[in-house]
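Observations on the model geometry
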Amino acid sequence: MTDKTFRTIWTTEDRYVEVIDQRMLPHQFSVVKLETYEDAVEAIKEMIVRGAPLIGATAAYGIYLAVREMVEEQLNGSFLDEAFSELRASRPTAVNLFWALDKMRDALDNCEGDFIETAWKKAAEIVEEDVETCRMIGVHGLPLIEEIAARKNGETVNILTHCNAGMLGCVEWGTITSPIYQAMQKGINVHVWVDETRPRNQGSNLTAYELTRHNVPHTLIVDNAGGHLMQHGMVDMVIVGTDRTTRHGDVANKIGTYLKALAAHDNNIPFYVALPSTTLDMSIRNGLKEIPIEERNQDEVRFMQGKTKRGKIEPVLICPETTPASNYGFDVTPARLVSKIITERGVCDASEEGLLSLFPEYK
Ligand code: MRU
């Protein structure tokens, strides 16, 4: 079911890296070639790529590109150190970035042979691991959808999601979309309520795009509609992704996720978080205090980008010229509002105990 016609990141014959320019979706499918680590830094900062797992994969290939340049241009080790520190500083919230960079550092520190080859192989391994991880999240998340479908005697299961935690945020499958695509494969009727997800509109631009490509019935809603739909029995479950999850099960995700969790809690609707273990940050406990929340440029709020009737993709100002805006990228949903966490190893409670039952290596 997953769209085999493209992944979100791939390599070229001349051993560079290409990604989809997600800023142009859904109106235009264009590809950006990354030839230097600076290209990878820019791709992450400017949100050409985004979504925790894909940020990690891009950073891994960014290090490969830095190693290649260092060896080919006979630069010294400080060039590579600079690449690591610029990539580390490219976005603050998604922990996959740091996880992937640590994996690359480890591989290079232990490299006894060819530096370029080692970086190339490690980055590819990180990408392949994400594909399999997301597939397994689908395997474990599917029974949760099946259970609701059975309870509803085969009637449509209505799922609400926020932001984009689909394949566009990963490499293939996606985290929240993997159980959805696998449910579709099994003939279960699903329908997805897609939050538009201001300010960058990952819902309307990206989630709606990929659900369309996969023929998943879906409806776009404004970010404030979820509570109303829940009150009227029109949502059976909420599934969101995450950028960082603490040892206690607190979850940082795109701004507005917390409000969905509150509404779900008030209406007794299961609120699931789908995550690859690469999004776990077991070194911290309290999400509210310890997860750094990215603040982005206020113009992302003051302007909205779209396609005009004349077919031009351009931003328009949606407030008075002088009105300032605040732009927090993420919020933290406390563990008590998360019904279950869906991982590649199974489903668990959003708690230290729950996470350790699946990931005992963090004891
Ligand atoms: O700012 P973004 O678009 O990178 O934020 C992405 C999200 O919040 C996703 O939901 C999250 O990274 C999970 S992607 C599988």
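Scoring rules and cut-offs
- Residues numbered from 1 in each chain as written.
- Predicted model: local features only at pLDDT ≥ 70, side-chain atom pairs only at ≥ 80, totals over all residues.
- Heavy atoms only, no water.
- Domains from an automatic or database assignment.
- Buried area = accessible area lost by both parts, 1.4 Å probe.
- Salt bridge = Lys/Arg side-chain N within 4 Å of Asp/Glu carboxyl O.
- Polar contact = N/O pair within 3.5 Å; in protein donor to acceptor, adjacent residues only side chain to side chain.
- Helix = DSSP H or I, 4+ residues; strand = E, 2+ residues; numbered from the N terminus.
- Near = heavy atom within 4 Å.
- 1 Å grid on protein atoms, 1.4 Å probe; cavity = no way out; pocket = protein on both sides within 12 Å on 5 of 7 lines; lining within 4 Å.
- Sits in = over half its atoms within 2 Å of the grid points.
- Nonpolar A, V, L, I, M, F, W, Y, C, P; charged D, E, K, R; others polar.
- Buried < 20%, exposed > 50% of the residue type's maximum accessible area, 1.4 Å probe, protein only.
- Contact = heavy atoms within 4.5 Å.
- Axes fitted to C-alpha atoms, helices over the stretch in contact; angles between N-to-C directions.
- Parallel < 35°, antiparallel > 145°, perpendicular 65-115°, else oblique.
- Left-handed = near helix turned anticlockwise from the far one by under 90°.
- Pairing = 2+ DSSP bridges.
- Points joined across faces, edges and corners; volume = space filled by probe spheres on them.

1. Considerations on the domain arrangement of the protein
According to the domain assignment, the protein consists of domain 1 (9-129) and domain 2 (137-362). The C-alpha-based centres of domain 1 and domain 2 are spaced at 25 Å. For the pairing of domain 1 and domain 2, the buried interface totals around 2400 Å² over both sides, and the portion due to carbon and sulfur atoms is 57%. At the boundary of domain 1 and domain 2, one finds one salt bridge. In this structure, Glu294 engages Arg91 in a salt bridge whose closest nitrogen and oxygen atoms are separated by 2.7 Å. In this structure, the connection of domain 1 to domain 2 is made through 13 residue pairs in polar contact (both at pLDDT 80 or more). Among the secondary structure elements, those contributing two or more residues to the side of domain 1 that touches domain 2 are helix H2 (52-72), helix H4 (96-109) and helix H5 (115-151).

2. Details of the site of the ligand
Taken together, 17 residues lie near the ligand, and Arg91, Gln202, Asp243, Asn253 and Lys254 sit nearest. Interatomic distance of 2.9 Å between a side-chain N/O atom of Arg50 and an oxygen atom of the ligand. Here Gln202 contributes a side-chain N or O atom positioned 2.7 Å from an oxygen atom of the ligand. When atoms are counted within 2 Å of each cavity's grid points, the one that captures over half of the ligand is the largest cavity. Mapped onto the shell around the ligand, the elements with two or more residues apiece are H2 and strand E9 (251-254). Classifying every residue of the shell around the ligand gives seven nonpolar, six polar and four charged. Summarising the domain contributions, the shell around the ligand has at least three residues from each of domain 1 (9-129) and domain 2 (137-362).

3. A short note on the side chain of Asp195
Of note, Asp195 is situated in strand E5 (residues 190-195). Relative accessible area serves as the criterion here: at 0%, Asp195 is assigned to the buried category. A polar contact of 3.2 Å, which involves the side chain of Asp195, links it to the side chain of Lys260. Other than its neighbours up to four places away in sequence, Asp195 contacts Leu160, Thr161, His162, Gly203, Ser204, Leu220, Ile221, Val222, Asp223 and Lys260.

4. Digging into the packing of H2 against helix H3 (residues 77-88)
The description of two helices packed together rests on the angle between their axes and the distance between the axes. At a closest axis distance of 9 Å, the pairing of H2 and H3 adopts a crossing angle of 160°. Relative to H3, the element H2 lies roughly antiparallel. Crossing of H2 against H3: the hand is right-handed. Counted together, Ala59, Gly62, Ile63, Ala66, Val67, Glu69 and Met70 of H2 and Gly77, Phe79, Leu80, Ala83, Phe84 and Leu87 of H3 form the full contact between these two elements. When grouped by side-chain class, the residues that make up the contact of H2 with H3 number ten nonpolar, two polar and one charged.

5. Points about the sheet that holds strand E6 (residues 218-221)
Across the sheet, seven strands lie side by side as E6-E5-E4-E7-E10-E15-E16; this open sheet has mixed pairing. Each having just a single partner strand, E6 and strand E16 (346-348) make up the two edges of the open sheet. Mean inter-strand twist for the sheet, computed between neighbouring axes without regard to direction, equals 25°. Docked against the sheet, helix H9 (residues 257-266) engages strand E4 (157-161), E5, strand E7 (237-240) and strand E10 (271-274), running at close to 145° with respect to E10.

6. Some words on the layout of surface pockets
A volume near 550 Å³ is recorded for the largest pocket. Contributing to the lining of the largest pocket are 24 residues, with Arg23, Pro199, Arg200, Glu300 and Gln305 lying nearest its centre. Mapped onto the lining of the largest pocket, the elements with two or more residues apiece are helix H7 (202-213), helix H11 (299-302) and strand E12 (303-307). Along the lines of polarity and charge, the residues of the lining of the largest pocket split into eight nonpolar, six polar and ten charged. Two domains share the lining of the largest pocket, each providing at least three of its residues, namely domain 1 (9-129) and domain 2 (137-362). Roughly 250 Å³ of volume is contained in the second largest pocket.

7. Digging into the side chain of Thr343
Position of Thr343 among the secondary structure elements: in strand E15 (residues 340-343). Thr343 sits in the buried class, given a relative accessible area of 0%. Of the polar contacts made by the side chain of Thr343, one reaches the backbone nitrogen of Arg345; its length is 2.9 Å. In this structure Thr343 touches Met136, Ile137, His140, Leu275, Leu358 and Phe359, once residues within four positions along its chain are discounted.

8. Things to note about unusual backbone geometry
Each neighbour pair has its own omega, and for Leu25 with Pro26 the value is 5°, a cis peptide bond. Looking at where Pro26 falls in the secondary structure, it is placed in the loop between strand E2 (17-20) and strand E3 (31-34). For the bond from Arg198 to Pro199, the omega torsion is 5°, close enough to zero to count as cis. Note on placement: Pro199 falls in the loop between E5 and H7. Positive phi, close to 65°, is recorded for Cys163, a residue that is not glycine.

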